[in-house]
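These are the residues of each chain, in order.
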Amino acid sequence: MAGTIRLAKISDAEQIAEIYSHFVLNTPVSFEAVAPDSQEMAGRIETVLEYHPWLVCESEGNIAGYAYASQHRNRYHYQWSVDVTVYIHEAHRRQGVGRALYTSLLSIVPLQGYISAYAGITLPNAGSVGLHESMGFSQVGVYRNVGFKQGAWHNVGWWQLALAEPPEDPKDPIPLYESNSNPVWLEGLVSGVKLLRI
């Protein structure tokens, strides 16, 4: 078996929705109440890909996991920061998929001009905390009792990773379509593949 990492396509929406639905329906990881169907997920993928990368790890035609960057906040002066997230199919846990996806994702988002990445983690979640900290993220704060799900209140911790040195005169980040033909970007995209154990 071999795995690849590539940009998501609208046709991936059904499998991505299936992966995500587990977390919505069975865990407090996501605070959504209703799992999005494939049509809703297709819309989300399309929206993200306008400016940010959404990556999938594919093995033998099946999506083993996905990761993406998205807008941190919608006000103009937050534009150099992104939120990142990763979800892994239950059948592909502990196969290096999360680390591989993040290695690729965090290699390419700085090339667009982003300088900080943030990740919110519903606590407790030792696996996610361990993954993010192994990638260089540091905890910067906790929203206490911020969400109620599955009969309990949950904290959400926030982790930050510096992607680049903050420039004195930053330019607007460039859209994904302007950067993804760059040879350095293409090298970054596949940089996580060597970490896969599928």
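A few points on the structure.

About the cut-offs
- Residues numbered from 1 in each chain as written.
- Predicted model: local features only at pLDDT ≥ 70, side-chain atom pairs only at ≥ 80, totals over all residues.
- Heavy atoms only, no water.
- Helix = DSSP H or I, 4+ residues; strand = E, 2+ residues; numbered from the N terminus.
- Buried < 20%, exposed > 50% of the residue type's maximum accessible area, 1.4 Å probe, protein only.
- Contact = heavy atoms within 4.5 Å.
- Areas by Shrake-Rupley, 256 points an atom, 1.4 Å probe, with all protein chains shown as cover.
- Lys, Arg positive; Asp, Glu negative; His and termini not counted.
- Charge placed at Lys NZ, Arg CZ, Asp CG, Glu CD.
- Pairing = 2+ DSSP bridges.
- Expected span 1.5 Å × (residues − 1).
- Axes fitted to C-alpha atoms, helices over the stretch in contact; angles between N-to-C directions.
- Parallel < 35°, antiparallel > 145°, perpendicular 65-115°, else oblique.
- Left-handed = near helix turned anticlockwise from the far one by under 90°.
- Core = buried A, V, L, I, M, F, W, Y, C linked by side-chain atoms within 4.5 Å.
- Polar contact = N/O pair within 3.5 Å; in protein donor to acceptor, adjacent residues only side chain to side chain.

With respect to the overall build of the chain
- Along the chain, the regular secondary structure elements total 6 helices and 7 strands.
- Across the chain, helices and strands are ordered from the amino to the carboxyl terminus as β-α-α-β-β-β-α-β-α-β-β-α-α.
- Based on the C-alpha atoms only, the size of the chain along its principal axes is roughly 45 × 40 × 30 Å.
- A burial count over the chain gives 48% of its 198 residues as buried.
- Of the contacts made within the chain by residues no fewer than 6 positions apart, 70% connect residues no fewer than 24 positions apart.
- For the chain, the accessible area works out to roughly 10400 Å², and carbon and sulfur atoms hold 51% of it.
- Considering the chain, the positive charge centre built from 13 side chains and the negative charge centre built from 19 side chains are found 8 Å apart.

Some details on the pairing of strand β7 (residues 152–162)
- Bridge analysis of strand β5 (residues 116–123) against β7 gives 8 bridges, and the strand direction is antiparallel. Along β7, the bridge assignment pairs Tyr-118 with Gln-160.
- Alignment of strand β6 (residues 138–149) against β7, held across 8 bridges, turns out to be antiparallel. What sits directly across from Gln-139, in β7, is Trp-159.
- Remark: 2 residues form the turn of the hairpin made by β6 and β7, two consecutive strands paired antiparallel; Gln-150 in that turn has positive phi of roughly 55°.

Details of helix α3 (residues 97–108)
- The first and last C-alpha atoms of α3 sit 17 Å apart over 12 residues, in line with the 16 Å expected at 1.5 Å per residue.
- All of the buried residues in α3 are Val-97, Gly-98, Ala-100, Leu-101, Tyr-102, Thr-103, Ser-104, Leu-105, Leu-106 and Ile-108.

Quick word on the packing of α3 against helix α4 (residues 126–134)
- Put simply, α3 and α4 touch, their axes get as near as 10 Å, and they point 40° apart. Comparing the axis directions of α3 and α4 gives the class oblique. Like other packed secondary-structure pairs, α3 and α4 cross with a definite hand, here right-handed. For the pair formed by α3 and α4, the contact residues are Gly-98, Arg-99 and Tyr-102 on the first element and Leu-131, His-132 and Ser-134 on the second.

Focus: the nonpolar core
- Ranked by size, the top nonpolar core spans 35 residues in total, and within it Val-84, Leu-101, Tyr-102 and Phe-137 carry the most contacts.
- Counting only elements with at least two residues in this core, the list comes to β2 (54–59), β3 (62–71), β4 (81–88), α3, β5, α4, β7 and α6 (183–189).
- Here this core gets 7 residues from one element, more than from any other, and that element is α3.
- Judged by nonpolar contacts, the second largest core, of 18 residues, contains Ala-13, Val-24, Met-41 and Trp-54.

Examining the environment of Asn-182
- Of note, Asn-182 is situated in the loop between α5 (176–179) and α6.
- Relative accessible area serves as the criterion here: at 36%, Asn-182 is assigned to the partly exposed category.
- Along the backbone, Asn-182 and Val-86 are 96 residues apart, and their C-alpha atoms lie at a distance of 24 Å.
- A polar contact is formed between the side chain of Asn-182 and the backbone nitrogen of Val-184, at a distance of 2.7 Å.

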